[in-house]
Amino acid sequence: MNAVEIEEAVSQLAEAPFNSEEFPSAFLEAFGNKSTTIQRLKSAGSGSTNQSDLPGGVLQRNNIHLQVCPEGEVTATLTALRESPATTRYKAKFILATDGQSFEAENLADGETIACDYRDFADHFGFFLPLAGITTVRQIRENAFDIKATGRLNRLYVELLKQNPDWDKAQHQEAFNHFMARLIFCFFAEDTNIFHSEGLFTQTVAQMSAADGSNAHEVLSEVFRAMATPLEDRERLGIRSWANVFPYVNGGLFSGSVEVPRFNKIARSYLLHVGSLDWKKINPDIFGSMIQAVADEEERGALGMHYTSVPNILKVLNPLFLDDLREQLEAAGDNSRKLLNLRQRMAKIRVFDPACGSGNFLVIAYKEMRKIEAKINELRGEPERRSEIPLTNFRGIEIRHFAAEIARLALIIAEFQCDVLHREPQLALLEFLPLKNDNWITCGNALRLDWLSLCPPTGTGVKVQREDLDLWGETREQAEIEFENEGGETYICGNPPYSGKGKLTEEQKSDMMFVFEGRTKHWGYIDLVGAWFVKASDYCLATDAAAAFVSTNSLVMGRQAPTGRLFYRMVSKFDFHILLSCGLIMQLIKRLYSV
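Residues numbered from 1 in each chain as written. Predicted model: local features only at pLDDT ≥ 70, side-chain atom pairs only at ≥ 80, totals over all residues. Heavy atoms only, no water.

1. Quick notes on the overall build of the protein chain
Here's step 1: When helices and strands are tallied, the protein chain shows 22 helices and 14 strands.
Here's step 2: Within the span of the protein chain, comprising 595 residues, buried residues form 56% of the whole.
Here's step 3: Here the analysis covers contacts within the protein chain between residues at least 6 apart in sequence; of these, 69% occur between residues at least 24 apart.
Here's step 4: When the accessible area of the protein chain is evaluated, it comes to approximately 25800 Å², of which 48% is carbon and sulfur surface. (Helix = DSSP H or I, 4+ residues; strand = E, 2+ residues; numbered from the N terminus. Buried < 20%, exposed > 50% of the residue type's maximum accessible area, 1.4 Å probe, protein only. Contact = heavy atoms within 4.5 Å. Areas by Shrake-Rupley, 256 points an atom, 1.4 Å probe, with all protein chains shown as cover.)

2. A word on the packing of helix α17 (residues 401-422) against helix α18 (residues 425-432)
Here's step 1: Relative orientation of the contacting elements α17 and α18 amounts to 145 degrees, with a least axis distance of 7 Å. Residue-level inspection shows Ile 412, Phe 416, Asp 419 and Val 420 of α17 in contact with α18, the latter providing Pro 425, Ala 428, Leu 429 and Phe 432.
Here's step 2: Tallied by class, residues from the contact of α17 with α18 come to seven nonpolar, no polar and one charged. (Axes fitted to C-alpha atoms, helices over the stretch in contact; angles between N-to-C directions. Nonpolar A, V, L, I, M, F, W, Y, C, P; charged D, E, K, R; others polar.)

3. Topic: the sheet that holds strand β4 (residues 102-107)
Here's step 1: Judged by pairing direction, the sheet is mixed, and its five strands sit side by side in the order β1-β2-β3-β4-β5 without closing on themselves. The open sheet has two edge strands, β1 (58-60) and β5 (113-117), and neither has a second partner. Taken pair by pair, the neighbouring strands of this sheet meet at an average axis angle of 10 degrees, ignoring direction.
Here's step 2: Relative to β5, β4 runs antiparallel, the two being bridged by five bridges. If you follow Glu 106 over to β5, its bridge partner there is Thr 113.
Here's step 3: The strands touched by helix α4 (residues 74-83) are β2 (64-68), β3 (94-98) and β4; relative to β3, the strand with the most contacts, the crossing angle is about 155 degrees. (Pairing = 2+ DSSP bridges.)

4. Some remarks on the packing of aromatic side chains
Here's step 1: Using the criterion set out here, one finds 34 aromatic pairs in the structure.
Here's step 2: Between the aromatic rings of Phe 176 and Phe 179, the centroid separation amounts to 6.4 Å while the plane-to-plane angle is 20 degrees, which identifies the pairing as stacked. Of this pair, Phe 176 and Phe 179 both sit in helix α8 (residues 170-191), three residues apart, roughly one helical turn. As far as the burial class goes, Phe 176 and Phe 179 line up, both buried.
Here's step 3: For the ring pair Phe 185 and Phe 254, a centre distance of 6.0 Å and an interplane angle of 70 degrees mean the geometry is edge-to-face. Separated by 69 residues along the polypeptide, Phe 185 in helix α8 and Phe 254 in the loop between α11 (234-237) and α12 (265-275) bring together distant segments of the chain. Just as Phe 185 is buried, Phe 254 falls in that class too. (Phe/Tyr/Trp six-rings, centres within 6.5 Å; stacked < 30°, edge-to-face > 60°.)

5. Structural notes on the packing of helix α2 (residues 23-30) against helix α3 (residues 35-42)
Here's step 1: Interhelical geometry of α2 versus α3 gives an angle of 150 degrees and a closest axis separation of 10 Å. It follows from the interaxial angle that α2 and α3 lie roughly antiparallel. Note on packing geometry: the crossing formed by α2 with α3 is right-handed. Taking contact as the criterion, the partners of Ser 25, Leu 28 and Glu 29 in α2 are, on α3, Ile 38, Leu 41 and Lys 42. (Parallel < 35°, antiparallel > 145°, perpendicular 65-115°, else oblique. Left-handed = near helix turned anticlockwise from the far one by under 90°.)

6. Structural notes on unusual backbone geometry
Here's step 1: The amide bond that connects Leu 433 to the next residue, Pro 434, takes the cis arrangement and shows omega of -5 degrees.
Here's step 2: Along the chain, the position of Pro 434 falls in the loop between α18 and β8 (441-443).
Here's step 3: With a phi angle near 60 degrees, Asn 62 is a residue other than glycine that sits in the positive phi range.
Here's step 4: Here Asn 62 is to be found in the loop between β1 and β2.
Here's step 5: The class for Asn 62 is partly exposed, based on a relative accessible area of 38%.
Here's step 6: Even without being glycine, His 196 reaches a positive phi, approximately 65 degrees.
Here's step 7: Its place among the elements puts His 196 in the loop between α8 and α9 (200-208).
Here's step 8: His 196 sits in the exposed class, given a relative accessible area of 55%.

7. A short note on the nonpolar core
The nonpolar side chains of a soluble globular protein tend to be buried with one another.
Here's step 1: Core analysis: the biggest nonpolar cluster contains 100 residues, and Phe 185, Phe 195, Phe 201, Phe 224 and Phe 321 have the highest contact counts within it.
Here's step 2: When residues of this core are assigned to their parent elements, the largest contribution, twelve residues, is made by α17.
Here's step 3: Look past the residues within four positions of Phe 185 in its chain and what remains in contact with it is Phe 195, Val 249, Leu 253, Phe 254, Leu 409, Phe 432, Leu 433 and Leu 435.
Here's step 4: Among the nonpolar cores identified, the runner-up in size contains 32 residues, and Phe 31, Val 58, Ala 105 and Phe 125 belong to it. (Core = buried A, V, L, I, M, F, W, Y, C linked by side-chain atoms within 4.5 Å.)

8. Quick word on the pairing of β2
Here's step 1: For β2, a buried count of five out of five residues is recorded, marking the element as mostly surrounded by other parts of the structure.
Here's step 2: Burial of the side chains of β2 extends over both faces: Ile 64, Leu 66 and Val 68 are buried on one face and His 65 and Gln 67 on the other.
Here's step 3: Taking the residues between adjacent antiparallel strands as the criterion, β1 and β2 are bridged by three residues, where Asn 62 takes a positive phi near 60 degrees.
Here's step 4: Two elements, β2 and β3, share five bridges in a ladder whose sense is parallel. Each bridged residue has a counterpart across the sheet, and for Val 68 the counterpart in β3 is Thr 98.

9. Quick notes on the environment of Val 4
Here's step 1: By secondary structure assignment, the location of Val 4 is in helix α1 (residues 3-15).
Here's step 2: Residue Val 4 is classed as buried on the basis of its relative accessible area of 1%.

10. Examining α8
Here's step 1: Look at α8: 33 Å from first C-alpha to last across 22 residues, which is about the 32 Å you get at 1.5 Å a residue.
Here's step 2: Burial of α8 is extensive: 17 of the 22 residues sit out of reach of the surface.
Here's step 3: Positioned one or two residues after α8, Asn 193 has a phi angle of 70 degrees, which is positive. (Expected span 1.5 Å × (residues − 1).)

If you want it as structure tokens, here you go:
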């Protein structure tokens, strides 16, 4: 079981009526124990694997010792479990006691404890993940909400596909992805007062749609139409009164078709369940990677496990440029002019991820730069000053449409959260809507596109190469998109795919030939990620830029080693760094080969 499946199982257990006799078995089942394992624990006599020495206790060797107790005796029972000789003898990692009202547990390895109402213990599912053999516990516990939201959205997504099989086909896939992005925005907006009324979106769907979900698509379509329509045009266009309470949002997110897939009773229930979560807890830096798996059939089986962690992202971004910004901030002290110069420099910095996925690197870079800018504003006595760091300076390319949509949405959410954190909630609300129409995430094949045309070195014009690559369609009628603050430093970063020779698709082989043709005939054993290094090298030769990518050290090992000198000559004309699998930042190939 993966983390999302465990969270769902634990939540269902916490929500169900408490059964004292079945709780131990149900709890262990929620963490992936097979029915045969549980039956051996429950059986009596010599065949039992239950090693507990306490009446009614259940002890699974090398795992957990738990006991259901009479009401009001939870703390005393936890103490008895801790002091039990069997707990030590059979190396239990956790102890757990509950009476159906209260819930207490302890991790015996580090002494960490939890104590909560029984109905709330599902919020602490990450505490017990070692029981399921999941080792990325810290990251998952820190992002427990994102996992819960991902699971709920996945259930909704799958149910809607059952109800609307045509929406899983190519002609509807982008519309379906766009619909999911709209939902995510609405859930976030109603819980952060962007809609000026808590729970407005979920309550509207609950009140205006039939219990069987038969007209839910009509309700949602009218709400989306309202958010795409300026207030002064709503009466003329006949926006329904119950939808007219929503603010004007647009910004491309609600433009175009407002077609919505059809719902049934189950799908409507899932939507309302998702809406009941507290979306203020969303972490856009991690949530994006998790939610993109909802729309990827191959990744759905590993929900909650596919993302580059924040610490690893910072291993790339810190030495690339963030450490320098922090050093400049410290060197400036309280010198107003130096602080102003640093702020102006940051306003022109562009971060470009040509394999951006759902935007993790861009979001983290944005949030870290906002922290530095907030400190500058504080030192200059301008704590409520509007940020001068535009989202349009955080650009990306992503081949999957849904991931590209989520990348932009994640940055929009990150901007709002930073305004709330570093300025003032009311100022953030006043300036958030309507969303801007700028499109800074390109959906397309990064190895085929001209990076300089998408993130040009100077000037303000960004030419759109093909109108079908525009993300939300807002630029289809114009030849250029105008961006502010052009001409500063550019930092290329990200975690491109690094499949080896034997795992390349025919399309990827063609992409590799496209990049390497005319440079060398000996590219056959270079990992796919090598093409991103070459493209970045070309870019950096044309403008003031530096780059850092996540990769494995296989790039310069094995059969790729003979091409190392050639590869080095292609990419060593500027200061390039690579995050190797050992977790160190080093100069590409320089320390591995002498030239």
